[in-house]
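Observations on the model geometry
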Amino acid sequence: MPEQTQIAMSQPRAIATEAISQMESNPTLFARILSALQAGGVSAFEQFLNHPAASFVIGALEDWEKTMKNQ
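Residues numbered from 1 in each chain as written. Predicted model: local features only at pLDDT ≥ 70, side-chain atom pairs only at ≥ 80, totals over all residues. Heavy atoms only, no water.

**Comments concerning the overall build of the protein**
Secondary structure assignment for the protein yields five helices and zero strands. Overall, the protein shows an N-to-C arrangement of helices and strands of α-α-α-α-α. Burial analysis of the protein (71 residues in total) assigns 24% to the buried set. Look at the contacts in the protein between residues 6 or more apart in sequence, and 66% of them connect residues 24 or more apart. For the protein, the computed accessible surface area is about 5,100 Å², with 53% contributed by carbon and sulfur atoms. (Helix = DSSP H or I, 4+ residues; strand = E, 2+ residues; numbered from the N terminus. Buried < 20%, exposed > 50% of the residue type's maximum accessible area, 1.4 Å probe, protein only. Contact = heavy atoms within 4.5 Å. Areas by Shrake-Rupley, 256 points an atom, 1.4 Å probe, with all protein chains shown as cover.)

**Digging into the packing of helix H3 (residues 27–40) against helix H4 (residues 42–49)**
In the contact formed by H3 and H4, the axes pass within 6 Å of each other and the chain directions differ by 120°. Considering the angle they form, H3 stands oblique to H4. For the pair formed by H3 and H4, the contact residues are Ile33, Leu37 and Gly40 on the first element and Val42, Ala44 and Phe45 on the second. Here the residues of the contact of H3 with H4 sort into five nonpolar, one polar and no charged. (Axes fitted to C-alpha atoms, helices over the stretch in contact; angles between N-to-C directions. Parallel < 35°, antiparallel > 145°, perpendicular 65-115°, else oblique. Nonpolar A, V, L, I, M, F, W, Y, C, P; charged D, E, K, R; others polar.)

**Focus on the nonpolar core**
Formed by Ala16, Ile20, Met23, Phe30, Ile33, Leu34, Leu37, Phe45, Val57, Ile58, Leu61 and Trp64, the largest nonpolar core amounts to 12 residues. For Met23, the residues in contact, after removing those within four places along its chain, are Leu29, Phe30, Ile33, Val57, Leu61 and Trp64. (Core = buried A, V, L, I, M, F, W, Y, C linked by side-chain atoms within 4.5 Å.)

**Section: the confidence of the model for the protein**
Looking at the protein as a whole, the pLDDT averages 75, with 86% of positions reaching at least 70. Element-level pLDDT for the protein is lowest in helix H1 (residues 3–10), with a mean of 56, against a maximum mean of 80 in H3. (pLDDT = per-residue confidence, 0-100.)

**Looking at the packing of H3 against helix H5 (residues 54–69)**
Put simply, H3 and H5 touch, their axes get as near as 11 Å, and they point 100° apart. Taken together, the axis directions place H3 and H5 in an arrangement best described as roughly perpendicular. For the pair H3 and H5, the contacting residues are Phe30, Ile33, Leu34, Leu37 and Gln38 in the first and Leu61, Trp64 and Glu65 in the second. Its residues assigned to classes, the contact of H3 with H5 comprises six nonpolar, one polar and one charged.

This is the structure in structure tokens:
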């Protein structure tokens, strides 16, 4: 297994944090991802990502979406 893959698999929270950071800096990307989550469902999106960090990213997105709706 390539070293980058091993590092990525051992640090899913760090990867999720970076993914959220990237989405925060790109509102268009964030809106598209939320739209895809709503249209296809969470499990379909998680399967699409096919990465150990997927559940962390999806959890953060769901929490963020709830927070945005309550503002």
